[in-house]
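Secondary and tertiary structure notes
Residue-level listing of the chains:
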Amino acid sequence: MYSDFPIYDVPQQNIIQRFFAQRWSAIVIEIVMTIVITVAAGAAFDFFDPFDGSQETSAATNASENIALDDAGALAGDPLQFIRGRGVDYFRARRLAAAEAMYDWAIALRPDDQDSYSWRGYVRMRRSDYFGAQADYRRLLEFEQNAFDGHNALCWAYGETRYFASALTHCERALALAVSTVELASALENRCWLRVELGDYAGATRDCRLVLTLSSGNGDVEALAHYNLGRVLMAEGETGAALPQFEEALRIGSSYAKMYLDISRIYDTLGYKWSAQASYEQVRQLAARDRIVVQAQG
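From a predicted model like this one, the values you see are computed outputs, not experimental measurements.

What follows concerns the overall build of the chain. If you tally the helices and strands in the chain, you get 15 helices and two strands. The burial tally for the chain puts 43% of its 298 residues in the buried class. Expressed as a percentage of contacts within the chain between residues at least 6 apart in sequence, the contacts between residues at least 24 apart total 50%. Approximately 16,100 Å² of the chain is accessible, and the part contributed by carbon and sulfur atoms is 54%.

Shown next, in the form of structure tokens:
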């Protein structure tokens, strides 16, 4: 409508409008708002944590422990580092829903951040969200096709959802990529568990017995190796030999709630009511600690 008027008759933008019209101003505003929102939301999680956080420590104290300020009092460094740090803190405190929210935020801020996909996938595994974990680890492998963690996790996650062919493919890939005793033991234990699910008891026995000779120092993996050996022996009718394997698994302990649930059901079937209840109590404790919903025994 202004085409018929001289340029000096067209309403001109003021200085603020001209600032916001520049492409670089949008970038500046985005950076500032990211910093403000990052710090404010991090503080809000401590004061008003929707995922059952503690209010004993002030937000100001927590913020000072997790972020660095320059001489002018501005945030120094990458806001993503602060968010991921919060995710690690929440995970260590077993506030898994809060940890997942932090990695959701990190990925929204930087969709190509590999570490955030790996961490969120692991948190989702711990929350028994195996489909969500599969999506995250597939994304990780898009960035790095030879990532051991991605293949090893997908071996487990696909197995839990009974996509056994895909699970076995990733198990084999993880074993080929393992470069340490810890990685080898973890990948072997995953394949042992998967082979039990597939009914390959001879293969499962070989894998789990090899895990126990590696002395990886990972108690969780060793507990699961004993548990899976017990499952093999039960399937083969060797109940007397299976029970010591279960007892050793329980003695070492694991963060895998299904191990305790399965052993509890076996004990209950055999008539060992007290042992069944003790094992099931571990399921309840893990579920309460990690905010996982488990199906009660019938």
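Counting residues in each nonpolar core, the largest one holds 37 residues, and the members touching the most others are Met125, Tyr137, Tyr227, Phe246, Tyr256, Met259 and Ile263. Counting only elements with at least two residues in this core, the list comes to α7 (130-143), α8 (148-160), α9 (164-177), α10 (181-198), α12 (219-235), α13 (239-252), α14 (257-270) and α15 (273-290). A total of seven residues in this core trace back to one element, the largest contributor, which is α14. With residues up to four places along the chain from it excluded, the contact list for Tyr137 reads Ser118, Gly121, Tyr122, Met125, Asp149, Gly150, Ala153 and Leu154.

Mapped onto the elements of the fold, Ala135 is located in helix α7. Residue Ala135 is classed as partly exposed on the basis of its relative accessible area, which comes to 34%. Along the chain, Ala135 and Leu154 lie 19 residues apart, while their C-alpha atoms are 9.4 Å from each other.

So, about the packing of helix α6 (residues 114-126) against α7. As a packed pair, α6 and α7 sit with axes 8 Å apart at the nearest point and diverge in direction by 160°. One finds that α6 runs roughly antiparallel with respect to α7. Both α6 and α7 take part in a crossing whose hand is left-handed. Along its contact with α6, which presents Gln114, Tyr117, Ser118, Arg120, Gly121, Tyr122, Arg124 and Met125, the element α7 presents Tyr130, Gly132, Ala133, Asp136, Tyr137, Arg139, Leu140 and Phe143.

What follows deals with the state of the cysteines. One covalent bond between the sulfur atoms of two cysteine residues makes up a disulfide. All chains considered together, the criterion is met by two disulfides. Here Cys155 engages in a disulfide with Cys171; their sulfurs sit 1.8 Å apart. Its S-S torsion of approximately 45° makes the covalent link between Cys155 and Cys171 right-handed. Placement of Cys155 in helix α8 and of Cys171 in helix α9 is noted, with a sequence separation of 16 residues between them. The same class applies to Cys155 as to Cys171, namely buried. The cystine pairing of the chain, numbering bonded cysteines in sequence order, is 1-2, 3-4.

Looking now at the pattern of salt bridges. Under the definition given, this model contains 19 salt bridges. We note a salt bridge from Arg127 to Glu100, for which the minimum N-O separation is 2.9 Å. Of this pair, Arg127 sits in the loop between α6 and α7 while Glu100 sits in helix α5 (residues 96-109), and the two are 27 residues apart along the sequence. Connected through shared salt-bridge partners, Glu100, Asp104, Arg120, Arg124, Arg127, Asp129 and Asp136 make up one network.

Attention now goes to the confidence of the model for the chain. Confidence in the prediction of the chain, expressed as mean pLDDT, is 79, and 70% of residues score 70 or more. Below pLDDT 50 for its whole length, residues 1-20 participates in 11 contacts with residues either more than four positions away or in separate chains.

With phi around 60°, Arg94 is a residue other than glycine that occupies positive phi space. In this structure, Ser128 is a non-glycine residue whose phi angle is positive, near 65°. The class for Ser128 is partly exposed, based on a relative accessible area of 36%.

On to the side chain of Arg195. Note on placement: Arg195 falls in helix α10. You can call Arg195 buried: its relative accessible area is 15%. Look past the residues within four positions of Arg195 in its chain and what remains in contact with it is Asp200, Gly203, Ala204, Arg206 and Asp207.

For α10, spanning 18 residues, the distance from its first C-alpha to its last is 25 Å, which sits close to the expected 26 Å at 1.5 Å a residue. Among the residues of α10, Ala185, Ser186, Ala187, Leu188, Glu189, Asn190, Arg191, Cys192, Trp193, Leu194, Arg195 and Val196 are the ones counted as buried. Buried positions along α10 lie against α8, α9, α11 (201-214) and α12. Gly199 lies just past α10 and shows a positive phi near 80°.

Turning next to the packing of aromatic side chains. Going through the model one piece at a time under the given rule, you end up with eight aromatic pairs. Measuring from ring centre to ring centre gives 6.0 Å for Tyr117 and Phe143, while their planes differ by 35°; the resulting arrangement is tilted. Here the residue Tyr117 occupies a position in helix α6, and Phe143 occupies one in helix α7, the gap between them amounting to 26 residues. For Phe143, a relative accessible area of 29% corresponds to the partly exposed category. Relative to Tyr256, the ring of Trp156 lies with its centre 5.8 Å away and its plane at 75°, an arrangement referred to as edge-to-face. A residue pair is termed long-range when its members are at least 10 positions apart, and Trp156 in helix α8 and Tyr256 in the loop between α13 and α14 qualify at 100 residues. Joined through ring pairs, the aromatic side chains of Phe91, Tyr103, Trp119 and Tyr122 make up one cluster.

Basis of the calculations
Residues numbered from 1 in each chain as written. Predicted model: local features only at pLDDT ≥ 70, side-chain atom pairs only at ≥ 80, totals over all residues. Heavy atoms only, no water. Helix = DSSP H or I, 4+ residues; strand = E, 2+ residues; numbered from the N terminus. Buried < 20%, exposed > 50% of the residue type's maximum accessible area, 1.4 Å probe, protein only. Contact = heavy atoms within 4.5 Å. Areas by Shrake-Rupley, 256 points an atom, 1.4 Å probe, with all protein chains shown as cover. Core = buried A, V, L, I, M, F, W, Y, C linked by side-chain atoms within 4.5 Å. Axes fitted to C-alpha atoms, helices over the stretch in contact; angles between N-to-C directions. Parallel < 35°, antiparallel > 145°, perpendicular 65-115°, else oblique. Left-handed = near helix turned anticlockwise from the far one by under 90°. Disulfide = S-S within 2.5 Å. Salt bridge = Lys/Arg side-chain N within 4 Å of Asp/Glu carboxyl O. pLDDT = per-residue confidence, 0-100. Expected span 1.5 Å × (residues − 1). Phe/Tyr/Trp six-rings, centres within 6.5 Å; stacked < 30°, edge-to-face > 60°.

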